[in-house]
Structure formats: C-alpha cells, structure tokens
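Inside the fold
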Amino acid sequence: KRANEDQAKELEDQKEEIKRQGKVAEEQQGRIDSLLRTQNILQSEKEEELRRNIGHLTAALAGKEAVIANMVKEVSRRSDAIRSCGEEIVRLRRANAE
C-alpha cells in the first residue's frame, strides 16, 4: 500500500511538473509572438523609411542630372565660341601678315 501511495504521489508530482512546464511554454510562446510582432513592425517602419529616402535621393539625382545636362550644353556652347575666336585670330594674323 505504501508503494502505491508513493507512486500516486510521484504521479501527482509529475502531473504538476507537466502543468508548470506547459505554463512556462505558453509564456515563452507569448514572448516569442510578441517579439515577432515587434520585429515585423520595426521592419515595416524601416522599409518605409528606406522608401522615403529613395524617393528623396531619386528627386535629388534628377535635379543634378538636369544641372549636368545644362552644364554640358554650356561647355559645348563656350567651346564653339572659343573655337570661333581662335579661327578669327588665325584669320586676322594671316590678313595682318600679308
């Protein structure tokens, strides 16, 4: 009879331990779920921030490309003017040498 009582007590202790471990597992799963939600929120916020930054950078780049295109045109125009001046100088020197 004593052995049965000991086994019953041991069985009851095991049941209590299983319940305790179940509660611990539920708590840990809750923490994991909470961390995953937080991670998703942070990831979404970071992605949105990156999208905004890309938008700003794209706009800035477009503006700079326009400035560069204008500068290229201006350099070309001035190069043509310098070339014309050089040709005029050569022509005047030849006319003066004659």
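Since the model is a prediction, treat every value here as computed from it, not as a measurement.

1. Topic: the overall build of the protein
When helices and strands are counted, the protein shows 1 helix and 0 strands. Taken over C-alpha atoms, the radius of gyration comes to 41 Å for the protein, far larger than the 13 Å a tight globule of 98 residues would show. The dimensions of the protein, computed from C-alpha atoms along their principal axes, are 140 × 20 × 5 Å. Relative to its full complement of 98 residues, the protein shows a buried share of 0%. Carbon and sulfur atoms make up 57% of the accessible area of the protein, which totals about 9200 Å².

2. Digging into the pattern of salt bridges
Under the counting rule described, the total for this entry stands at 11 salt bridges. Residue Arg51 is joined to Glu48 by a salt bridge in which the shortest nitrogen-to-oxygen separation is 3.6 Å. Note that Arg51 and Glu48 are positioned in helix α1 (residues 2-97) at a spacing of 3 residues, about one turn of the helix. By relative accessible area, which is 36% here, Glu48 ends up partly exposed. The salt bridge involving Glu74 is made with Arg78; its shortest N-O contact spans 2.7 Å. Of this pair, Glu74 and Arg78 both sit in helix α1, separated by 4 residues, roughly a single helical turn.

The rules behind the values
- Residues numbered from 1 in each chain as written.
- Predicted model: local features only at pLDDT ≥ 70, side-chain atom pairs only at ≥ 80, totals over all residues.
- Heavy atoms only, no water.
- Helix = DSSP H or I, 4+ residues; strand = E, 2+ residues; numbered from the N terminus.
- Rg over C-alpha atoms; globule rule 2.2 N^0.38 Å.
- Buried < 20%, exposed > 50% of the residue type's maximum accessible area, 1.4 Å probe, protein only.
- Areas by Shrake-Rupley, 256 points an atom, 1.4 Å probe, with all protein chains shown as cover.
- Salt bridge = Lys/Arg side-chain N within 4 Å of Asp/Glu carboxyl O.

Geometric values such as these leave the question of function open.
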